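Coordinate analysis (summary)
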Amino acid sequence: MNERILEIAEQAREIVRKQMLLFQEADMSQRDAKWAELYNTKFAELIVRECMFCCDVVEKIEWPSPTTYEFGVEVCKVKIQTHFGVEE
């Protein structure tokens, strides 16, 4: 798995671990379900934030025409792909 995805997964685990300290449910099955819900939500949020960052970088490029702007959209997709090490 891509190193950045592993880092984001660890970051999500750490955030959820801190949040779970506040969740004092006696039933362990509810605790596990709550942990999974919080982790999945946080992991997805962090991935989306990374994608938004990649697009922000591409957006700051001064595109001389609408055609090149459309090309910029493709550049953004490729930047996200390479950032996460995703292969087609």
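The residue count restarts for each chain, going from 1 along the sequence in the order it is written. Local features in this predicted model are restricted to residues whose pLDDT is 70 or higher, and side-chain atom pairs enter the listing and the counts only when it is 80 or higher, whereas totals over whole chains, interfaces and linings include all residues. The side-chain numbers reported here are obtained from all heavy atoms of the structure, hydrogens and water having been left aside.

1. A closer look at the overall build of the chain
Selection criterion: A run of DSSP states H or I qualifies as a helix once it reaches four residues; a run of E qualifies as a strand once it reaches two. Both are numbered from the N-terminal end. Note on classification: 1.4 Å probe, protein chains only; a residue is buried when its accessible area is under 20% of the maximum for its type, exposed when over 50%, partly exposed between these limits. The contact definition used throughout considers only heavy atoms, calling two residues in contact when any of these lie within 4.5 Å. Only the protein chains shown count as cover for residues, and the accessible areas themselves come from Shrake-Rupley with a 1.4 Å probe.
A tally of regular secondary structure across the chain gives three helices and zero strands. For the chain, the α and β elements follow one another from N to C terminus as α-α-α. Burial analysis of the chain (88 residues in total) assigns 17% to the buried set. Residue pairs in contact within the chain that sit at least 24 positions apart in sequence constitute 55% of those at least 6 positions apart. Accessible surface computed for the chain: about 6600 Å², of which carbon and sulfur atoms make up 59%.

2. A closer look at the packing of aromatic side chains
Put simply, the test is: The rule is short: rings of Phe, Tyr and Trp, with Trp giving its six-membered ring, pair when the centres are within 6.5 Å, and they are stacked under 30 degrees, edge-to-face over 60, tilted in between.
Under the defined criterion, the tally for this structure stands at two aromatic pairs. Seen from their ring centres, W35 and Y39 are 5.0 Å apart, and the 5° between their planes marks the pair as stacked. Pair noted here: W35 and Y39 are both in helix α2 (residues 28-59), with a separation of four residues, about one helical turn. Judged by relative accessible area, which is 32%, W35 ranks as partly exposed. Overall, the relative accessible area of 14% leaves Y39 in the buried class. By way of ring pairs, the aromatic residues W35, Y39 and F43 are connected into one cluster.

3. Things to note about the side chain of K42
With respect to the helices and strands, the residue K42 is situated in helix α2. Residue classification places K42 among the buried residues on the basis of a relative accessible area of 17%.

4. A closer look at helix α1 (residues 3-20)
Stated formally: Here, expected helix span is obtained from the residue count minus one, scaled by 1.5 Å. Here the arc refers to the set of directions running from the helix axis out to each C-beta atom. Under this definition, polar contacts are N or O atom pairs within 3.5 Å; protein pairs additionally need one hydrogen-donor-capable and one acceptor-capable atom, and for neighbouring residues in sequence, both atoms have to be side-chain atoms.
Relative to the 26 Å expected for 18 residues at 1.5 Å per residue, α1 spans 26 Å between its end C-alpha atoms, a close match to the ideal helical length. What α1 keeps buried is the set I5, I8, A9, A12, V16 and M20. All buried residues of α1 fall inside an arc of 105° around its axis, so they share one side. Structural note: α1 exposes E3 and K18 on the side pointing more than 90 degrees away from its buried face. With a side-chain oxygen positioned 2.7 Å from the backbone nitrogen of R4, the residue opening α1 is N2.

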